[in-house]
Amino acid sequence: TSREISQNWGSLMEGRPPKPVAIKILEGNRGHRPINDAEPKPTFGAPTCPKWLTGEAKREWKRIVPELEAAGMISVVDRVALTEYCQIYARWRKAETAIQDSFTYEFKDIDFQTKRKVKPEVDIAINSANQVRQFCTEFGLTPSSRSRMVVLGLKKENRDPLDKMLGTKSKN
């Protein structure tokens, strides 16, 4: 049973996955837990775009990779995750385009009666949107995930205008 599995495996199957050290540092280590100094540190930089990536997925790659690289949030080993994100993003866009005019379609049943049914693209759009959101959170691409990050070395001219006006220091 699932209860036995949970008891046997304990914490291996429970809770959130651990955050990478870089994300913890960017967020300011809010939990004040020890930081893993032995975490693997892959080579910083943008991975190469797969040659087989086409259309909307390739456009998303070209849009997002330079932004992630400029923010220092990408390494060459992120290629598979980025490729998957771009493919799912392209699938989501295609499904959204297919349902733009209507969520349903008409068909004739076995008795030749006209019926309406929800297009399969609706489920594809919903599932893909959820997956895109998960990837965006992983890469710090949502407003809430960015709000938890601290960018080290922020220049004074980039401080919050309210902080400048009040003469206070940013948390950075």
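Please read all numbers here as calculations on a predicted model, not as lab measurements.

Student: Explain the pairing of strand β1 (residues 104–108) to me, please; I cannot follow it from the model alone.
Tutor: Put simply, side chains in a regular strand alternate between the two faces of the sheet. In the sheet, β1 pairs with strand β2 (residues 114–118) via 5 bridges, with the strands oriented antiparallel. Within the sheet, the bridge partner assigned to Y105 lies in β2 and is K117.

Student: Please clarify how the side chain of D78 should be interpreted in this entry.
Tutor: Locating D78 in the fold gives a position in the loop between α3 (55–70) and α4 (79–98). Although buried, D78 forms no salt bridge, and the nearest oppositely charged side chain, R79, lies 11 Å from it. For D78, the side chain forms a polar contact with the main-chain nitrogen of S75, separated by 2.8 Å. For D78, the contacting residues outside a window of four places in its chain are P47, M73 and F139.

Student: Got a minute to help me understand the pattern of salt bridges in this structure?
Tutor: Close approach of charged atoms lets side chains of opposite charge pair. With the rule as written, the count across this model stands at 4 salt bridges. By sharing partners, the salt bridges in this structure join E56, R59 and R93 into a single network.

Student: Would you mind going over the packing of aromatic side chains with me for this structure?
Tutor: We describe a pair of aromatic rings using the distance from one ring centre to the other and the angle between the two ring planes. A complete count under the given rule lists 3 aromatic pairs for this structure. Relative to F135, the ring of Y85 lies with its centre 6.3 Å away and its plane at 55 degrees, an arrangement referred to as tilted. Of this pair, Y85 sits in helix α4 while F135 sits in helix α5 (residues 120–138), placing them 50 residues apart in sequence. Each member of the pair, Y85 as well as F135, carries the same accessibility label: buried.

Criteria and cut-off values
- Residues numbered from 1 in each chain as written.
- Predicted model: local features only at pLDDT ≥ 70, side-chain atom pairs only at ≥ 80, totals over all residues.
- Heavy atoms only, no water.
- Pairing = 2+ DSSP bridges.
- Helix = DSSP H or I, 4+ residues; strand = E, 2+ residues; numbered from the N terminus.
- Buried < 20%, exposed > 50% of the residue type's maximum accessible area, 1.4 Å probe, protein only.
- Lys, Arg positive; Asp, Glu negative; His and termini not counted.
- Salt bridge = Lys/Arg side-chain N within 4 Å of Asp/Glu carboxyl O.
- Polar contact = N/O pair within 3.5 Å; in protein donor to acceptor, adjacent residues only side chain to side chain.
- Contact = heavy atoms within 4.5 Å.
- Phe/Tyr/Trp six-rings, centres within 6.5 Å; stacked < 30°, edge-to-face > 60°.

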